[in-house]
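Working through the structure, step by step
Okay, here's what each chain looks like letter by letter:
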Number of protein chains: 2
Amino acid sequence: MSTTVSPLAPKEFIDPPAIDGVRLATGSAGIKYKGRTDVLLAAFDKGTTVAGVFTRSKCPSAPVEWCREQVKRGTAFGLVVNSGNANAFTGKNGKDQVRFTTKLAGKAIGCKPSEVFIASTGVIGEPLDAKKFDGVLEEIVARAEPGHFLEAARAIMTTDTFPKTATATAKLGKATVTICGIAKGAGMIAPDMATMLSFVFTDAPIAAKALQKLLSEGVEDTFNAVTIDGDTSTSDTLLLFATGAAAKRGAPNITKAKDPALKGFRKALMGVLANLSEQVARDGEGARKLVEITVEGAKSKQSARRIAMSIANSPLVKTAIAGEDANWGRVVMAVGKAGEPADRDKLSIWFNGIRVAHKGARDPSYDEAEVSEAMKKPEIALKVALGLGKGKDRVLTCDLTKEYVAINGDYRS
Amino acid sequence: MSTTVSPLAPKEFIDPPAIDGVRLATGSAGIKYKGRTDVLLAAFDKGTTVAGVFTRSKCPSAPVEWCREQVKRGTAFGLVVNSGNANAFTGKNGKDQVRFTTKLAGKAIGCKPSEVFIASTGVIGEPLDAKKFDGVLEEIVARAEPGHFLEAARAIMTTDTFPKTATATAKLGKATVTICGIAKGAGMIAPDMATMLSFVFTDAPIAAKALQKLLSEGVEDTFNAVTIDGDTSTSDTLLLFATGAAAKRGAPNITKAKDPALKGFRKALMGVLANLSEQVARDGEGARKLVEITVEGAKSKQSARRIAMSIANSPLVKTAIAGEDANWGRVVMAVGKAGEPADRDKLSIWFNGIRVAHKGARDPSYDEAEVSEAMKKPEIALKVALGLGKGKDRVLTCDLTKEYVAINGDYRS
């Protein structure tokens with residue numbers, strides 16, 4: 001956990017309101033850190049449904065394998081999250097620790113182990129000693145109560161410099177339902193490093209299959225459109241829990257994702273996911289600039305996404321932005337290497353609204369001093385127009401600074 | 001051009017022997033740099049064949065488009081290379097400058113413009129003023145003579161910290177033929193930055209089609225197996241010229257790449273390409289460690305290559321190596337994100353011969369102190385065994401240091 005908060009952090013940290021049917025508490029199991037909380041437990045009322053999306057890594061952590069299996073049934077009674085150890089690449093022992101932890105939590109909450117979801121973040125390759133949870137989880141459950149989302153966000157931080165929360169409300173039928181979410185990480189992994197975890201909660205009554213569809217659609221332009229360094233964690237986990245408690249207040253039971261009643265809820269959910277994923281980009285290790293990359297005029301949205309990601313993951317583009325240099329030549333390079341249809345002589349590029357390149361050459365009208373001034377801003381909008389079709393997409397990233405190398409270089413000398 | 005030579009540079013810089021049929025000279029056209037040479041001209045005897053491989057970028061530079069077109073005919077009389085300006089992303093004007101330059105060179109050498117090959121490296125997006133070559137090329141041609149390869153390697157440097165040359169001989173029939181090559185760059189691009197250019201010359205008499213096949217095969221495990229930062233230049237160019245002068249000394253005329261007489265030549269060519277491409281990795285911007293990544297036990301060679309490249313381009317793996325940290329957790333991450341078949345529980349990982357992870361978990365027998373000592377070496381061999389099949393591959397890269405960010409960040413403050 002860093003002592004310096006990212007200059008891109010929100011002005012204030014919101015403590016989202018309680019969600020009916022969700023009780024939370026945090027504690028200290030002493031997994032790795034001293035003098036801070038490192039475990040979060042959530043208990044859900046009966047009837048809570050769950051949906052999840054996970055890392056696409058071919059080498060996922062033991063907790064990811066567990067959740068992927070349990071989420072198929074669509075019901076949840078509990079969630080345990082720890083920081084300090086990711087329980088990833090820990091072999092058979094890793095599975096045993098997951099089983100032991102979910103058994104402890106199930107006993108404390110009063111449910112089956114298979115109804116407990118689990119996520120771990122921190123050191124990878126080190127055995128997690130789940131015995132440290134023995135006694136701790138029981139004690140936490142006893143204290144669990146509605147609310148405490150900001151506290152929960154703090155307990156799951158690793159290299160994060162600030163806790164990430166978001167909330168929104170929506171009308172579902174005549175009732176107002178609430179969505180609250182927490183997140184940690186910056187798309188990274190390793191000893192002492194960050195992975196992306198996010199947990200979102202709502203009191204809307206939505207069947208598991210519909211919930212899964214909403215979540216899978218929702219991540220496409222939010223969490224899946226954010227990259228820090230192109231390195232995918234073995235532990236990335238996003239879980240959405242719906243307690244259904246709003247049904248008591250007249251919210252209709254939703255069984256299909258295409259139900260028109262979901263219009264407001266879908267928008268609110270997208271807002272929470274977009275907010276949380278943007279905060280992840282704002283807390284990219286060593287980041288000083290938030291960079292929004294828009295690609296338009298591509299052959300398709302998918303093609304635009306690939307080009308935007310090629311730009312967002314280019315070390316040369318990212319170091320140029322760190323240096324406040326509107327280096328559109330590197331942007332051309334990143335467009336060219338993406339492997340997607342592009343015609344050099346139709347390309348135009350803008351930095352913070354100023355067109356610097358047009359139709360395959362430097363824009364003769366741009367003013368270097370004006371661009372230099374624009375590049376000093378903490379938020380950089382980089383737009384590329386390909387002039388080939390109607391495909392458009394947008395991704396978020398941050399710059400690549402010496403601090404990134406210092407944080408991850410872990411110089412031992 | 002840097003004033004500090006890479007700590008990974010060869011102990012001495014070789015000036016390769018002359019190639020019969022190749023005359024070289026360098027000069028100063030004042031494209032960008034002061035007090036150094038920035039243009040190289042080579043003139044070839046009649047009968048010289050040529051082969052080329054170029055960047056896969058969808059936004060290639062004007063010189064790349066020119067060479068790709070001319071190389072189809074397979075004959076060459078001249079080569080002009082300049083540093084200081086890449087003539088990339090320069091629109092219609094870029095094409096005009098290429099035409100003007102090849103016309104000047106053709107007149108000076110006494111050949112058609114279409115028989116002159118051209119390559120440019122340096123600033124991109126800035127118009128190249130080819131008028132600066134007027135008079136200069138004529139003067140250079142007058143001085144051109146056999147040899148001068150080391151001088152030529154110096155003239156084409158941009159951010160390179162040392163000139164790159166290599167040479168080898170081989171038996172072709174009963175004659176000895178010679179191969180000499182020069183290279184510059186580190187797989188990068190941009191204003192003031194590097195691109196990869198390499199020019200190889202031989203006196204062997206090999207028909208253009210066979211020469212092209214030999215070159216295309218040769219780059220696969222050499223230049224195509226090197227990555228600095230995953231960013232592909234718009235100007236990458238590798239040309240191979242064969243004067244055929246050795247025929248006078250009894251070398252047989254080769255018309256097919258599968259001719260058994262090529263056995264020794266093929267090996268020698270591979271050696272020169274491997275040597276030059278390794279020097280490119282050794283001169284990676286800010287590099288302090290040369291990293292050889294070997295992946296074995298993959299489903300196929302192609303799968304092994306993709307996994308090796310995923311590791312080689314991972315900022316987290318590269319920063320860990322900069323920090324002399326045998327962070328195998330990040331290697332697992334990079335294997336997992338490659339999208340290729342991998343089974344966590346069969347993975348083993350070695351750093352400089354020491355096995356640190358075995359069958360999906362930390363190797364219980366490895367000694368942290370011994371590994372720390374091994375990581376201090378300037379050359380790091382990282383081996384991953386997947387345990388799935390017989391596919392094997394090897395790529396070269398370098399570490400990612402704060403100096404890389406400093407060089408490319410171009411802090412304007």
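Cut-offs used in this document
Residues numbered from 1 in each chain as written. Chains lettered and ligands numbered in written order. Predicted model: local features only at pLDDT ≥ 70, side-chain atom pairs only at ≥ 80, totals over all residues. Helix = DSSP H or I, 4+ residues; strand = E, 2+ residues; numbered from the N terminus. Contact = placed C-beta atoms within 7 Å. Pairing = 2+ DSSP bridges. Axes fitted to C-alpha atoms, helices over the stretch in contact; angles between N-to-C directions. Nonpolar A, V, L, I, M, F, W, Y, C, P; charged D, E, K, R; others polar. Domains from an automatic or database assignment. Least-squares fit on C-alpha atoms with pLDDT ≥ 70 in both. Parallel < 35°, antiparallel > 145°, perpendicular 65-115°, else oblique. Core = buried A, V, L, I, M, F, W, Y, C linked by C-beta atoms within 7 Å. Buried ≥ 20, exposed ≤ 12 C-beta atoms within 10 Å, placed from the backbone. Expected span 1.5 Å × (residues − 1).

This next bit is on the environment of A:N253. Residue and element names in this part refer to chain A. Positionally, N253 belongs in the loop between β9 (237-242) and α6 (263-282). N253 sits 47 residues away from I206 along the chain, and the two C-alpha atoms are 6.1 Å apart. Once you skip the residues sitting within four places of it in the chain, N253 turns out to touch P205 and A247.

The next subject is the environment of A:G52. Assignment of secondary structure puts A:G52 in strand β3 (residues 49-54). In the structure, A:G52 is positioned 163 residues away from A:L215 in sequence and 7.3 Å away in space, judged by C-alpha atoms.

This next bit is on the sheet that holds strand β4 (residues 78-85) of chain B. All names here are of chain B. Overall, mixed pairing links the four strands, which are arranged β1-β2-β4-β5 in an open sheet. Sheet topology places β1 (22-27) and β5 (116-123) at the edges, where each strand pairs with a single neighbour. For this sheet, the mean angle separating the axes of adjacent strands, direction not counted, is 10 degrees. In the sheet, β1 pairs with strand β2 (residues 39-44) via six bridges, with the strands oriented antiparallel. By the bridge assignment for β2, R23 is matched with A43. The sheet contacts of helix α3 (residues 136-143) involve β1, β2 and β4, and relative to β2 the element is tilted by about 55 degrees.

Listed per partner, the contact involves 54 residues of chain A and 54 residues of chain B. Looking at the side of chain A that touches chain B, the elements with two or more residues in it are α8 (315-322), α9 (328-337), β13 (361-362) and α11 (402-409) of chain A. The dominant element in the side of chain A that touches chain B, judged by the number of residues it contributes, is α9(A), at eight residues. Broken down by class, the residue content of the side of chain A that touches chain B amounts to 22 nonpolar, 18 polar and 14 charged.

All right, on to the domain arrangement of chain A then. Residue and element names in this part refer to chain A. Parsing chain A into structural domains produces domain 1 (22-282) and domain 2 (290-409). Here the C-alpha centre of domain 2 lies 33 Å away from the C-alpha centre of domain 1. Across the boundary between the two partners, domain 1 contributes nine residues, which contact 10 residues of domain 2. Considering only residue class, the side of domain 1 that touches domain 2 consists of four nonpolar, three polar and two charged.

Quick look at the relation of the copies chain A and chain B now. Overlaying chain A on chain B yields an RMSD of 0.0 Å, the required transformation being a rotation through 180 degrees with an accompanying axial translation of 0.0 Å. Both copies are brought into coincidence by an operation consistent with a two-fold rotation axis. Across chain A, the rotation axis passes nearest the C-alpha of A:K402, at a separation of 2.5 Å. Mapped onto chain B, 100% of the interface residues of chain A are again interface residues, and the two copies thus contact each other with one and the same surface.

Turning our eyes to something else, we now look at the packing of α11(A) against helix α8 (residues 315-322) of chain B. For any two helices packed against each other, the geometry comes down to the angle between their axes and how far apart the axes lie. Where α11(A) contacts α8(B), the two axes come as close as 8 Å, and the packing angle between them is 70 degrees. In terms of axis orientation, α11(A) runs roughly perpendicular to α8(B). Counting all contacts with α11(A), which are made through A:V405, A:N408 and A:G409, the residues of α8(B) involved are B:L316, B:T319, B:A320 and B:A322.

Here we take up the nonpolar core. Inside soluble globular proteins, nonpolar side chains tend to come together where they are buried. Counting 280 residues, the largest nonpolar core has A:L41, A:V335, B:L41 and B:V335 as the members making the most contacts within it. Dropping the residues within four chain positions of it, A:L41 is found in contact with A:A25, A:G78, A:V80, A:A105, A:L137, A:I140, A:V141 and A:A144.

This brings us to the sheet that holds strand β3 (residues 49-54) of chain B. All names here are of chain B. Reading across the sheet, the five strands line up as β3-β9-β8-β7-β6 and stay open at both edges, with mixed pairing between neighbours. Edge positions in the open sheet fall to β3 and β6 (164-172), since each of these has one partner strand only. Strand-to-strand, the axes of this sheet are offset by a mean angle of 15 degrees, without reference to chain direction. In this structure, strand β8 (residues 197-202) lies alongside strand β9 (residues 237-242), joined through six bridges in parallel fashion. Along β9, the bridge assignment pairs F201 with F241.

Moving on, we get to unusual backbone geometry. Unlike most non-glycine residues, A:H148 shows phi in positive territory, near 65 degrees. Along the chain, A:H148 turns up in the loop between α3 (136-143) and α4 (149-155). Phi at B:K359 takes a positive value of approximately 45 degrees, unusual for a residue other than glycine. Its place among the elements puts B:K359 in the loop between β12 (354-358) and β13 (361-362).

Moving on to the pairing of β1(B). In terms of burial, β1(B) is largely enclosed, as six of its six residues are buried. Here β1(B) shows a buried face lined by B:V22, B:L24 and B:T26 and a second buried face lined by B:R23, B:A25 and B:G27.

With that settled, consider helix α2 (residues 91-109) of chain A. Think of an α-helix as 3.6 residues a turn; residues three or four steps apart then line up on the same face. All names here are of chain A. Spanning 19 residues, α2 covers 28 Å between terminal C-alpha atoms, matching the ideal 27 Å at 1.5 Å per step. The secondary structure elements touched by the buried residues of α2 are β2 (39-44), α1 (62-70), β4 (78-85), β5 (116-123) and α3. Once α2 ends, the next one or two residues include G110, with phi positive near 95 degrees.

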